[in-house]
Amino acid sequence: MRIYNYLFYKSYLLAKRSRNFDDIPALGGLIFVAACVMFNIFAISFVLEGVGLINVDFKEKYKYPFSFGLIGILLFYYLYKGRYKRIVAKYSERSKNGLQVHPILIIIIYYVISFFIMLIAGMYKNNDWIFSNL
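Our subject in this report is the structure included herewith. Computed from a predicted structure; not experimentally measured.

Direction vectors running N to C along helix α3 (residues 63–79) and helix α4 (residues 83–97) enclose 70°, while the axes themselves pass 5 Å from each other. Here α3 is positioned roughly perpendicular relative to α4, judged by the angle of their axes. For the pair α3 and α4, the contacting residues are Tyr77, Tyr78 and Leu79 in the first and Arg83, Tyr84 and Ile87 in the second. Residues belonging to the contact of α3 with α4 are distributed by class as follows: 5 nonpolar, no polar and 1 charged.

Below you can see the structure in the form of structure tokens.
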């Protein structure tokens, strides 16, 4: 969960800089984290389906309940007893002494890595590319 907390912190900083989420700053940080969690859930499901443990079918009618349910769970996690304030304070204290990297760089790097892992997992599931002989 540490990587998601750090990603939340960077997303929170990005939302504060844009001033779009002044009334609910936790929601600004949550949007990017939810997308990353979805990438990781899809990658895990592709691998499990490729191995043959489960058969997941992402139907169009479940798109909205899944998305809103995930956002609700993450929102509850970060808002519960002000957890997001403690996360922001913790990483703010650490970043005072360390290297300052723009939040959008961290988010883009994580998106690219997660998307690449998801593509590799999809190729494994479909027995494409280097997985064709398995």
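The subject of this paragraph is helix α1 (residues 2–18). Helix length check: α1, at 17 residues, gives a terminal C-alpha distance of 24 Å against a target of 24 Å (1.5 Å per residue), a fit within 8%. What α1 keeps buried is the set Tyr4, Asn5, Leu7, Phe8, Tyr9, Lys10, Ser11, Tyr12, Leu14 and Ala15. Buried residues along α1 sit against α2 (25–51), α3, α4 and α5 (103–126). Among the residues trailing α1, arginine 19 stands out with phi positive, at a value near 60°.

Once that is clear, we can look at the layout of surface pockets. Space inside the largest pocket adds up to approximately 190 Å³. Every residue along the wall of the largest pocket is listed here: Met38, Phe42, Asp57, Phe58, Lys59, Glu60, Tyr62, Lys63, Phe66 and Ser67. Looking at the lining of the largest pocket, the elements with two or more residues in it are α2 and α3. Split by residue class, the lining of the largest pocket holds 5 nonpolar, 1 polar and 4 charged.

Moving on to the pattern of salt bridges. Between side chains of opposite charge, pairing is possible as soon as their charged atoms come close. Counted according to the given criterion, the structure contains 2 salt bridges. Lysine 63 serves as the salt-bridge partner of glutamate 60, at 2.8 Å between the closest nitrogen and oxygen. Look at lysine 63 and you get partly exposed, because its relative accessible area is 35%.

The next subject is unusual backbone geometry. The phi dihedral of lysine 81 is positive, around 55°, even though this residue is not glycine. Its location among the elements puts lysine 81 in the loop between α3 and α4. For lysine 81, a relative accessible area of 63% translates into the label exposed. For tryptophan 129, which is not a glycine, the phi torsion comes out positive at approximately 55°. Structurally, the position occupied by tryptophan 129 is in the segment after α5.

Bringing α3 into the picture now. If you check α3, its first and last C-alpha atoms are 24 Å apart, about what 17 residues at 1.5 Å a residue would give, namely 24 Å. Where α3 is concerned, the buried positions are Ser67, Leu70, Leu74 and Tyr78. The buried residues of α3 occupy one face: seen down the axis, they fall within an arc of 70°. Opposite the buried face of α3, at more than 90 degrees from it, the exposed residues are Tyr64, Pro65, Phe68, Ile73 and Phe76. On its buried face, α3 sits against α1, α2 and α4. Directly after α3, the chain includes lysine 81, whose backbone phi takes a positive value near 55°.

Criteria and cut-off values
- Residues numbered from 1 in each chain as written.
- Predicted model: local features only at pLDDT ≥ 70, side-chain atom pairs only at ≥ 80, totals over all residues.
- Heavy atoms only, no water.
- Axes fitted to C-alpha atoms, helices over the stretch in contact; angles between N-to-C directions.
- Helix = DSSP H or I, 4+ residues; strand = E, 2+ residues; numbered from the N terminus.
- Parallel < 35°, antiparallel > 145°, perpendicular 65-115°, else oblique.
- Contact = heavy atoms within 4.5 Å.
- Nonpolar A, V, L, I, M, F, W, Y, C, P; charged D, E, K, R; others polar.
- Expected span 1.5 Å × (residues − 1).
- Buried < 20%, exposed > 50% of the residue type's maximum accessible area, 1.4 Å probe, protein only.
- 1 Å grid on protein atoms, 1.4 Å probe; cavity = no way out; pocket = protein on both sides within 12 Å on 5 of 7 lines; lining within 4 Å.
- Points joined across faces, edges and corners; volume = space filled by probe spheres on them.
- Salt bridge = Lys/Arg side-chain N within 4 Å of Asp/Glu carboxyl O.
- Arc of directions from axis to C-beta.

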